[in-house]
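Given next are the chains, with one letter for each unit.
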Amino acid sequence: MGREFLPLFNEWANSYDDTISGSDKEYRTVFERYDEILEEVANKAEGNVLEFGVGTGNLSKKIMEKGQELIGIEPSVVMRKIVKEKYPSIQVFDGDFLEFPTIRETVDSIVSTYAFHHLTDLEKEDAIRKYASLLPSHGKIIFADTVFETEKAKEDMIEDAMKKEYHRLANDLKSEYYTTIEVLHQIFNRNHFDVTFEKMNDFVWLFIATKHDQVRGK
(Lines give C-alpha, C1' and ligand atoms only; values in the text may rest on other atoms or scores of the structure.)
Protein backbone atom coordinates (compact mmCIF):
# COMPACT_ATOMS: atom_id res chain seq x y z
CA MET A 1 0.00 0.00 0.00
CA GLY A 2 2.89 2.30 -0.75
CA ARG A 3 4.77 1.78 2.50
CA GLU A 4 7.24 -0.48 0.70
CA PHE A 5 8.61 2.80 -0.67
CA LEU A 6 9.19 4.34 2.77
CA PRO A 7 12.99 3.90 2.69
CA LEU A 8 12.99 5.86 -0.59
CA PHE A 9 10.81 8.61 0.88
CA ASN A 10 13.04 8.95 3.93
CA GLU A 11 16.18 9.03 1.81
CA TRP A 12 14.71 11.53 -0.66
CA ALA A 13 13.18 13.85 1.93
CA ASN A 14 16.12 16.22 2.38
CA SER A 15 16.75 16.66 -1.35
CA TYR A 16 13.13 16.56 -2.57
CA ASP A 17 12.69 20.32 -2.85
CA ASP A 18 15.90 20.55 -4.88
CA THR A 19 14.67 17.82 -7.24
CA ILE A 20 11.39 19.58 -7.97
CA SER A 21 13.27 22.77 -8.77
CA GLY A 22 14.85 21.03 -11.79
CA SER A 23 18.30 20.33 -10.40
CA ASP A 24 18.04 16.63 -11.34
CA LYS A 25 18.01 16.41 -15.15
CA GLU A 26 16.48 12.92 -15.16
CA TYR A 27 13.36 14.18 -13.39
CA ARG A 28 13.26 17.69 -14.83
CA THR A 29 10.42 16.87 -17.25
CA VAL A 30 8.47 15.00 -14.57
CA PHE A 31 8.41 18.15 -12.44
CA GLU A 32 7.92 20.62 -15.29
CA ARG A 33 5.27 23.23 -14.33
CA TYR A 34 5.41 21.87 -10.76
CA ASP A 35 4.27 25.06 -9.08
CA GLU A 36 1.48 25.55 -11.61
CA ILE A 37 0.29 21.97 -11.12
CA LEU A 38 0.10 22.47 -7.36
CA GLU A 39 -1.75 25.75 -7.87
CA GLU A 40 -4.31 23.98 -10.05
CA VAL A 41 -4.93 21.32 -7.41
CA ALA A 42 -5.18 23.90 -4.61
CA ASN A 43 -7.54 26.10 -6.62
CA LYS A 44 -9.89 23.19 -7.37
CA ALA A 45 -10.07 22.09 -3.72
CA GLU A 46 -13.19 23.24 -1.86
CA GLY A 47 -14.18 23.35 1.81
CA ASN A 48 -12.34 21.17 4.30
CA VAL A 49 -9.43 19.40 2.62
CA LEU A 50 -7.78 16.03 3.30
CA GLU A 51 -4.35 15.65 1.69
CA PHE A 52 -2.56 12.33 1.15
CA GLY A 53 1.21 12.21 0.68
CA VAL A 54 1.97 15.63 2.11
CA GLY A 55 5.69 15.21 1.43
CA THR A 56 7.51 18.44 2.32
CA GLY A 57 4.29 20.46 2.47
CA ASN A 58 4.37 22.35 -0.81
CA LEU A 59 0.74 21.71 -1.73
CA SER A 60 -0.34 22.04 1.90
CA LYS A 61 1.06 25.56 2.03
CA LYS A 62 -0.92 26.65 -1.03
CA ILE A 63 -4.15 25.24 0.38
CA MET A 64 -3.67 26.86 3.77
CA GLU A 65 -2.85 30.20 2.13
CA LYS A 66 -6.39 30.08 0.71
CA GLY A 67 -7.69 29.96 4.26
CA GLN A 68 -8.98 26.40 4.08
CA GLU A 69 -8.89 23.81 6.84
CA LEU A 70 -6.39 21.05 6.02
CA ILE A 71 -5.64 17.63 7.45
CA GLY A 72 -2.47 16.03 6.09
CA ILE A 73 -1.51 12.35 5.92
CA GLU A 74 2.14 11.35 5.37
CA PRO A 75 3.81 7.96 6.04
CA SER A 76 7.43 9.18 6.14
CA VAL A 77 8.60 10.31 9.58
CA VAL A 78 11.40 12.32 7.94
CA MET A 79 8.96 14.10 5.62
CA ARG A 80 6.63 14.86 8.55
CA LYS A 81 9.53 16.36 10.47
CA ILE A 82 10.45 18.62 7.55
CA VAL A 83 6.83 19.76 7.16
CA LYS A 84 6.55 20.69 10.83
CA GLU A 85 9.81 22.64 10.60
CA LYS A 86 8.67 24.51 7.47
CA TYR A 87 5.01 25.01 8.40
CA PRO A 88 4.39 24.45 12.14
CA SER A 89 0.65 25.14 11.89
CA ILE A 90 -0.06 22.26 9.47
CA GLN A 91 -1.77 19.21 10.98
CA VAL A 92 0.09 16.15 9.66
CA PHE A 93 -0.63 12.61 10.80
CA ASP A 94 1.11 9.28 10.24
CA GLY A 95 -0.78 7.31 7.61
CA ASP A 96 -1.05 6.44 3.95
CA PHE A 97 -3.69 6.29 1.21
CA LEU A 98 -5.33 3.22 2.74
CA GLU A 99 -4.53 3.32 6.45
CA PHE A 100 -4.98 6.62 8.23
CA PRO A 101 -6.49 7.97 11.45
CA THR A 102 -10.26 8.27 11.69
CA ILE A 103 -11.35 11.57 10.22
CA ARG A 104 -14.07 13.07 12.40
CA GLU A 105 -14.30 16.40 10.58
CA THR A 106 -16.35 16.86 7.42
CA VAL A 107 -14.22 16.32 4.31
CA ASP A 108 -15.24 18.19 1.16
CA SER A 109 -12.14 17.61 -1.00
CA ILE A 110 -9.36 15.02 -1.09
CA VAL A 111 -6.10 16.03 -2.76
CA SER A 112 -2.73 14.53 -3.60
CA THR A 113 0.18 15.22 -5.94
CA TYR A 114 2.93 12.93 -7.24
CA ALA A 115 2.00 10.04 -4.94
CA PHE A 116 -1.01 7.91 -6.02
CA HIS A 117 1.26 5.75 -8.21
CA HIS A 118 2.65 4.14 -5.07
CA LEU A 119 -0.50 1.99 -4.98
CA THR A 120 -1.24 -0.99 -7.20
CA ASP A 121 -4.39 -0.72 -9.31
CA LEU A 122 -6.27 -2.90 -6.83
CA GLU A 123 -5.11 -0.69 -3.97
CA LYS A 124 -6.09 2.40 -5.93
CA GLU A 125 -9.64 1.04 -6.15
CA ASP A 126 -9.67 0.25 -2.42
CA ALA A 127 -8.57 3.83 -1.74
CA ILE A 128 -11.21 5.42 -3.97
CA ARG A 129 -13.88 3.24 -2.37
CA LYS A 130 -12.81 4.53 1.06
CA TYR A 131 -12.87 8.13 -0.14
CA ALA A 132 -16.36 7.69 -1.59
CA SER A 133 -17.56 6.89 1.93
CA LEU A 134 -15.84 10.00 3.33
CA LEU A 135 -17.08 12.52 0.80
CA PRO A 136 -20.57 13.99 0.51
CA SER A 137 -22.43 14.11 -2.80
CA HIS A 138 -20.52 16.49 -5.11
CA GLY A 139 -17.38 16.10 -2.97
CA LYS A 140 -14.20 16.08 -5.02
CA ILE A 141 -10.99 14.12 -5.43
CA ILE A 142 -8.29 16.25 -7.07
CA PHE A 143 -5.08 14.35 -7.84
CA ALA A 144 -2.09 15.15 -10.04
CA ASP A 145 0.18 12.23 -10.81
CA THR A 146 2.13 10.41 -13.49
CA VAL A 147 -0.39 8.52 -15.63
CA PHE A 148 -0.19 7.17 -19.18
CA GLU A 149 -2.75 7.19 -21.96
CA THR A 150 -1.90 3.56 -22.80
CA GLU A 151 0.48 0.82 -21.74
CA LYS A 152 2.36 1.39 -24.99
CA ALA A 153 2.84 5.06 -24.09
CA LYS A 154 4.39 3.93 -20.82
CA GLU A 155 6.72 1.48 -22.59
CA ASP A 156 7.71 4.21 -25.05
CA MET A 157 8.59 6.53 -22.16
CA ILE A 158 10.73 3.83 -20.55
CA GLU A 159 12.52 3.25 -23.86
CA ASP A 160 13.10 6.98 -24.27
CA ALA A 161 14.56 7.21 -20.74
CA MET A 162 16.92 4.32 -21.49
CA LYS A 163 18.10 5.96 -24.72
CA LYS A 164 18.90 9.11 -22.76
CA GLU A 165 20.69 6.96 -20.15
CA TYR A 166 18.24 8.14 -17.51
CA HIS A 167 18.54 4.82 -15.69
CA ARG A 168 17.01 5.97 -12.39
CA LEU A 169 13.95 7.32 -14.18
CA ALA A 170 13.62 4.18 -16.30
CA ASN A 171 13.85 1.98 -13.23
CA ASP A 172 11.28 4.15 -11.47
CA LEU A 173 8.86 3.78 -14.39
CA LYS A 174 9.38 0.02 -14.38
CA SER A 175 9.14 -0.60 -10.64
CA GLU A 176 6.34 1.68 -9.44
CA TYR A 177 2.65 1.22 -10.17
CA TYR A 178 2.00 3.78 -12.91
CA THR A 179 -1.37 3.13 -14.46
CA THR A 180 -3.42 4.29 -17.45
CA ILE A 181 -6.23 6.81 -17.83
CA GLU A 182 -8.64 4.04 -18.83
CA VAL A 183 -7.97 2.07 -15.64
CA LEU A 184 -8.50 5.16 -13.49
CA HIS A 185 -11.63 6.09 -15.41
CA GLN A 186 -13.13 2.66 -14.68
CA ILE A 187 -12.16 2.81 -10.99
CA PHE A 188 -13.79 6.19 -10.49
CA ASN A 189 -16.94 5.23 -12.42
CA ARG A 190 -17.40 2.04 -10.43
CA ASN A 191 -17.29 4.09 -7.24
CA HIS A 192 -19.82 6.71 -8.36
CA PHE A 193 -17.53 9.49 -9.52
CA ASP A 194 -17.54 11.51 -12.72
CA VAL A 195 -13.92 12.17 -13.67
CA THR A 196 -12.01 14.41 -16.08
CA PHE A 197 -8.34 14.29 -17.07
CA GLU A 198 -6.07 17.14 -18.15
CA LYS A 199 -2.48 16.67 -19.30
CA MET A 200 -0.11 18.98 -17.42
CA ASN A 201 3.26 17.83 -18.79
CA ASP A 202 4.72 14.77 -20.54
CA PHE A 203 4.21 12.68 -17.39
CA VAL A 204 1.64 14.28 -15.12
CA TRP A 205 -2.12 14.44 -15.53
CA LEU A 206 -4.58 16.35 -13.38
CA PHE A 207 -7.66 14.25 -12.63
CA ILE A 208 -10.72 15.70 -10.94
CA ALA A 209 -13.42 13.30 -9.76
CA THR A 210 -16.78 14.51 -8.48
CA LYS A 211 -18.96 12.17 -6.46
CA HIS A 212 -22.53 11.84 -7.71
CA ASP A 213 -25.65 10.37 -6.16
CA GLN A 214 -25.31 6.58 -6.21
CA VAL A 215 -28.83 6.19 -7.61
CA ARG A 216 -27.53 7.75 -10.81
CA GLY A 217 -25.05 4.91 -11.20
CA LYS A 218 -27.73 2.22 -11.31
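UniProt's Function (unreviewed entry) comment on the chain is quoted here verbatim: "Could be a S-adenosyl-L-methionine-dependent methyltransferase." Database annotation for the chain, UniProt heading Sequence similarities (unreviewed entry): "Belongs to the methyltransferase superfamily. YrrT family."

Looking at the overall build of the chain
Of the regular secondary structure elements, the chain holds nine helices and seven strands. When burial is assessed residue by residue, the chain has 53% of its 218 residues classed as buried. Pairs at least 24 apart in sequence give 66% of the contacts found in the chain among residues at least 6 apart. Here the chain has roughly 10500 Å² of accessible surface; of this, 49% comes from carbon and sulfur atoms.

Topic: the UniProt feature "binding site: S-adenosyl-L-methionine" (unreviewed entry) in the chain
Under the UniProt annotation, the feature "binding site: S-adenosyl-L-methionine" (unreviewed entry) is placed at Gly53, Glu74 and Asp96. Annotated residues spanning 44 residues; largest pairwise C-alpha distance 7.0 Å, indicating a single compact cluster. Residue classification places Glu74 among the buried residues on the basis of a relative accessible area of 4%. Those residues in contact with Glu74 that lie beyond four places of it in its chain are Gly53, Val54, Gly55, Met79, Arg80, Val92, Phe93, Asp94 and Gly95. At 2.7 Å, the side chain of Glu74 and the backbone nitrogen of Gly55 are in polar contact. Tracing the chain through its elements places Asp96 in the loop between strand E3 (91–93) and strand E4 (109–113). Polar side-chain contacts of Asp96 include one of 2.8 Å to the backbone nitrogen of Leu98.

Quick notes on the nonpolar core
In this structure, Val111, Tyr114, Leu169, Leu173 and Phe203 are the most contacted members of the largest nonpolar core, which totals 37 residues. Sorting the residues of this core by element identifies helix H3 (34–44), helix H4 (58–65), strand E5 (140–146), helix H7 (151–163), helix H8 (167–175) and strand E7 (204–211) as the ones contributing at least two each. Of all the elements, H3 adds the most residues to this core, at five residues. Once residues within four sequence positions are removed from consideration, Phe203 is found in contact with Thr29, Val30, Asp145, Thr146, Val147, Phe148, Met157, Leu169 and Leu173. Within the second largest apolar cluster, 29 residues are counted, among which are Leu50, Ile110, Ile181 and Ile187.

Reading the values: the criteria
Residues numbered from 1 in each chain as written. Predicted model: local features only at pLDDT ≥ 70, side-chain atom pairs only at ≥ 80, totals over all residues. Heavy atoms only, no water. UniProt positions renumbered as here; feature names shortened; annotations may be inferred. Helix = DSSP H or I, 4+ residues; strand = E, 2+ residues; numbered from the N terminus. Buried < 20%, exposed > 50% of the residue type's maximum accessible area, 1.4 Å probe, protein only. Contact = heavy atoms within 4.5 Å. Areas by Shrake-Rupley, 256 points an atom, 1.4 Å probe, with all protein chains shown as cover. Polar contact = N/O pair within 3.5 Å; in protein donor to acceptor, adjacent residues only side chain to side chain. Core = buried A, V, L, I, M, F, W, Y, C linked by side-chain atoms within 4.5 Å.

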